[in-house]
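# Chain and residue survey
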Amino acid sequence: MAYQFVVKAKENSVSGGVPMETGIALKPGQLLTISVSPDDTWSAGAANRTSNANGLGNPLGGNFGTFSNGNFVFLYGSLVGSFDSGKTFFGVGTRLEMTILAPGKLSLFYWDINNQDNSESITATVAVYNGPL
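Quick look at the structure, then. From a predicted model like this one, the values you see are computed outputs, not experimental measurements. (Residues numbered from 1 in each chain as written. Predicted model: local features only at pLDDT ≥ 70, side-chain atom pairs only at ≥ 80, totals over all residues. Heavy atoms only, no water.)

### A few points about the overall build of the protein
Summing up its helical and strand segments, the protein has 0 helices and 12 strands in all. Relative to a compact globule of 133 residues, whose C-alpha radius of gyration would be 14 Å, the protein shows 14 Å and is just as compact. In terms of overall dimensions, the protein has a C-alpha envelope of 50 × 30 × 20 Å along the principal axes. In the protein, 66% of the contacts between residues at least 6 apart in sequence involve partners at least 24 apart. A total of about 6700 Å² of accessible surface is found on the protein, and carbon and sulfur atoms cover 53% of it. Between the centroid of the 7 positive side chains of the protein and the centroid of its 9 negative side chains there is a distance of 8 Å. (Helix = DSSP H or I, 4+ residues; strand = E, 2+ residues; numbered from the N terminus. Rg over C-alpha atoms; globule rule 2.2 N^0.38 Å. Contact = heavy atoms within 4.5 Å. Areas by Shrake-Rupley, 256 points an atom, 1.4 Å probe, with all protein chains shown as cover. Lys, Arg positive; Asp, Glu negative; His and termini not counted. Charge placed at Lys NZ, Arg CZ, Asp CG, Glu CD.)

### Comments concerning the nonpolar core
Membership of the largest hydrophobic core comes to 32 residues, with the highest contact counts inside it found for Leu-32, Ile-34, Leu-79, Leu-106 and Leu-108. Elements with a contribution of two residues or more to this core: strand 1 (2-8), strand 2 (20-26), strand 3 (31-35), strand 8 (79-82), strand 11 (104-110) and strand 12 (119-129). Per-element tally for this core: the top contributor is strand 11, with 4 residues. Beyond its immediate sequence surroundings of up to four residues, Leu-79 is in contact with Val-7, Val-36, Trp-42, Ala-53, Gly-91, Val-92, Gly-93, Leu-108, Phe-109, Ile-122 and Ala-124. (Core = buried A, V, L, I, M, F, W, Y, C linked by side-chain atoms within 4.5 Å. Buried < 20%, exposed > 50% of the residue type's maximum accessible area, 1.4 Å probe, protein only.)

### Describing the side chain of Thr-33
With respect to the helices and strands, the residue Thr-33 is situated in strand 3. A residue is classified by how much of its surface remains accessible, and Thr-33, at 9% relative accessible area, is buried. In this view, Thr-33 contacts Arg-95, Leu-96, Glu-97, Thr-125, Val-126, Ala-127 and Tyr-129; residues no more than four positions away in its chain are not counted.

### Regarding the pairing of strand 8
Alternating residues of strand 8 divide into Leu-79 and Gly-81 and Val-80 and Ser-82, and every residue in both groups is buried. Bridging between strand 8 and strand 9 (residues 90-91) involves 2 bridges; their strand directions are antiparallel. Pairing of Val-80 across the sheet is with Gly-91, part of strand 9. (Pairing = 2+ DSSP bridges.)

### Things to note about the sheet that holds strand 11
The 4 strands lie next to each other as 2-11-8-9, forming an open sheet whose pairing is antiparallel. This sheet does not close on itself; its edge strands, each paired only once, are strand 2 and strand 9. Where strand 2 lies against strand 11, 4 bridges are found, and the strand directions are antiparallel. Bridge pairing links Met-20 to Leu-108 in strand 11.

### Notes on the pattern of salt bridges
On inspection of all chains with the given rule, the structure shows 1 salt bridge. Between Glu-97 and Arg-95 there is a salt bridge; the shortest N-O distance is 2.5 Å. The exposure class of Arg-95 is partly exposed, given its relative accessible area of 47%. (Salt bridge = Lys/Arg side-chain N within 4 Å of Asp/Glu carboxyl O.)

### Things to note about the pairing of strand 11
Most of strand 11 sits inside the fold, with 6 of its 7 residues counted as buried. Where strand 8 meets strand 11, 4 bridges bridge the pair, whose relative direction is antiparallel. Bridge pairing links Gly-81 to Leu-108 in strand 11.

### Thoughts on the environment of Pro-59
Structurally, Pro-59 is set in the loop between strand 5 (50-51) and strand 6 (66-69). Overall, Pro-59 belongs to the exposed group, its relative accessible area being 63%. Separated by 40 residues in sequence, Pro-59 and Pro-19 place their C-alpha atoms 25 Å apart.

By themselves, these are just geometric observations and shouldn't be taken as functional.
Encoded structure:
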């Protein structure tokens, strides 16, 4: 069964926001899929700062490079996920398929250094499949 979650660029930013807590608990062996329409966009500010979940410059918006937060580096404006409420991160973009190796709860974020000028949101479709018994 698939679930949809609205992730907001301002409210769910890694900088100044809070996680979009999905409530989905994951366990080893499950397959996690997350997809976002490439036409679904959000914004890191004025002018050419609108992108899809792949981040700025990939392919929409200007190329602003990457933002580092701790040991994690992704394009500005990317959709990222976490299994530990934001202590560690993984890239999601417009499509992710991942085998779960350790238990955790899925949360989603907008990757940006400053949430004050962010706007809009994207809708992520999340599905979890159990592996062989």
